[in-house]
Amino acid sequence: MKILCVNAGSSSLKFQAYEMPEERVLISGYVEKIGQPDCFWNVKVNGEKIRSERPLKDHADGMELVLKTLVDEKVGVIKSLEEISAIGHRVVQGGPWLTKPTLVTDETIEILKKCVDLAPLHTIPHLQGIAGCTAILPECPQVLVIDTSFHSTMPKKAYTFPIAKEVAEKHNIRRYGAHGTSHRYVAAEAGSHDCQCPGYDPSVLGTADYPKQPDGRYCRSGGGCSGVGNRPGRKQFPDAGAAQRFRGRKKSAGSSPERSGCLCQGTGGSPGGSDR
């Protein structure tokens, strides 16, 4: 079974194709500067990296390029697009409506359009990427994997902002959390190792969705940064408010990132210095 995974960003498009259930990567790549004249794309297949330049109007054009690459005579890894069993899309924002992996339908698309105001730079490319896949593979199942779903169990006191209630409800303004797919992976990895952190209690492990997640603080760094305080099966307390504040911050000369002896052990709290 071959699965295509897609991550449509504000001006980029990353993808990987897997042979399942082996989880073997067949091909990976990314398109950068979509919508700009110097747009380019990189592909890695069989250990070889290939770069090319080609202007693309939007992410729908980008998906067309990706799908054509999969069956390309030189770098392609499949003979026909019909070999793709499903396509997964990483989605940044599901609002209060999409709180779990969701099959793409006409109804789902309408809900995702409601999220444009909450995350316009990402949701519009998501919609374009989905449309590009649908145009070429209309019968192929597509699934949305939503970052905010990981944070959907946080209590009201954690997601409520100190603004007028009627304004918050009218415009769906609340804390949703960020990078949930990444945090879920890190939490699961932390729980998959024997932890020697002081105060670690393995009895907290065990829910249907997150069978091996210990309590802890998890920080995600990269193009955007965020942190979360996690209590499996109970509540999450994300510090997503720091995500945009930390975007693009350059590391000072000679500095090095703090490292923890274990993924379960914090390094001084969540981004912004606020322990939750």
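Everything that follows concerns the structure shown earlier in this document.
Residues numbered from 1 in each chain as written. Predicted model: local features only at pLDDT ≥ 70, side-chain atom pairs only at ≥ 80, totals over all residues. Heavy atoms only, no water.

## Comments concerning the pattern of salt bridges
Heads up, the rule is: A side-chain nitrogen of Lys or Arg and a carboxyl oxygen of Asp or Glu constitute a salt bridge if their distance falls within 4 Å. Each helix is a run of DSSP H or I of at least 4 residues and each strand a run of E of at least 2, with the numbering of both proceeding from the N terminus.
Summed over all chains, the structure comprises seven salt bridges. Of the charged contacts in the structure, one is a salt bridge between Glu 53 and Arg 51, with a shortest N-O distance of 3.8 Å. With its nearest N and O atoms 3.3 Å apart, the salt bridge here joins Lys 113 to Glu 110. One end of the pair, Lys 113, and the other, Glu 110, are both in helix H2 (residues 106-113), three residues apart, so they sit about a helical turn from each other. Because the salt bridges share partners, they merge into one network encompassing Lys 2, Glu 19 and Glu 83.

## Observations regarding the packing of H2 against helix H3 (residues 120-136)
The cut-off we apply is this: In this description, a line fitted to the C-alpha atoms serves as the axis of each element, helices being fitted only across the stretch in contact, and the angle between N-to-C directions of two axes falls anywhere from 0 to 180 degrees. The scheme is simple: roughly parallel for angles under 35 degrees, roughly antiparallel for over 145, roughly perpendicular for 65 to 115, oblique for anything else. Each crossing gets its handedness from the near helix: less than a right angle anticlockwise from the far helix is left-handed, clockwise is right-handed. Residues count as neighbours in contact if any of their non-hydrogen atoms are within 4.5 Å of one another. Gly is placed with the polar residues, together with every amino acid not listed as nonpolar (Ala, Val, Leu, Ile, Met, Phe, Trp, Tyr, Cys and Pro) or charged (Asp, Glu, Lys and Arg).
At their nearest, the axes of H2 and H3 sit 10 Å apart, and the two run at 160° to each other. Classified by the interaxial angle, the pair formed by H2 and H3 is roughly antiparallel. In this structure, H2 crosses over H3, and the sense of that crossing is left-handed. For the pair formed by H2 and H3, the contact residues are Ile 109, Leu 112 and Lys 113 on the first element and Thr 123, His 126, Leu 127 and Ile 130 on the second. Grouping the constituent residues of the contact of H2 with H3 by class yields four nonpolar, two polar and one charged.

## A closer look at the nonpolar core
Worth spelling out the cut-off: Buried Ala, Val, Leu, Ile, Met, Phe, Trp, Tyr and Cys residues that are joined via side-chain atoms within 4.5 Å together make up what is termed a nonpolar core. Working definition: with a 1.4 Å probe on protein chains only, accessible area under 20% of the residue-type maximum means buried, over 50% means exposed, and in between means partly exposed.
Counting 28 residues, the largest nonpolar core has Leu 4, Leu 70 and Ile 84 as the members making the most contacts within it. Of all the elements in the fold, those that place two or more residues in this core are strand S1 (2-8), strand S2 (13-19), strand S3 (24-32), strand S4 (40-45), helix H1 (59-70) and strand S6 (84-91). The greatest single-element share of this core, amounting to five residues, is contributed by H1. Filtering out sequence-adjacent residues up to four positions away, Leu 70 remains in contact with Leu 4, Ala 17, Ile 27, Gly 76, Val 77, Ile 78, Leu 81 and Ile 84. The next biggest cluster of nonpolar side chains, apart from the first, holds ten residues, and it includes Val 104, Leu 112, Leu 127 and Ile 146.

## Some remarks on unusual backbone geometry
Excluding glycine, residues mostly have negative phi values, and the peptide bonds linking residues are mostly trans. Looking along the chain, the bond that leaves Met 20 and enters Pro 21 is cis, with omega of 10°. Tracing the sequence through the fold places Pro 21 in the loop between S2 and S3. Within the chain, Asn 46 stands out as a residue other than glycine whose phi angle is a positive 55°. You can see Asn 46 is positioned in the loop between S4 and strand S5 (48-53).

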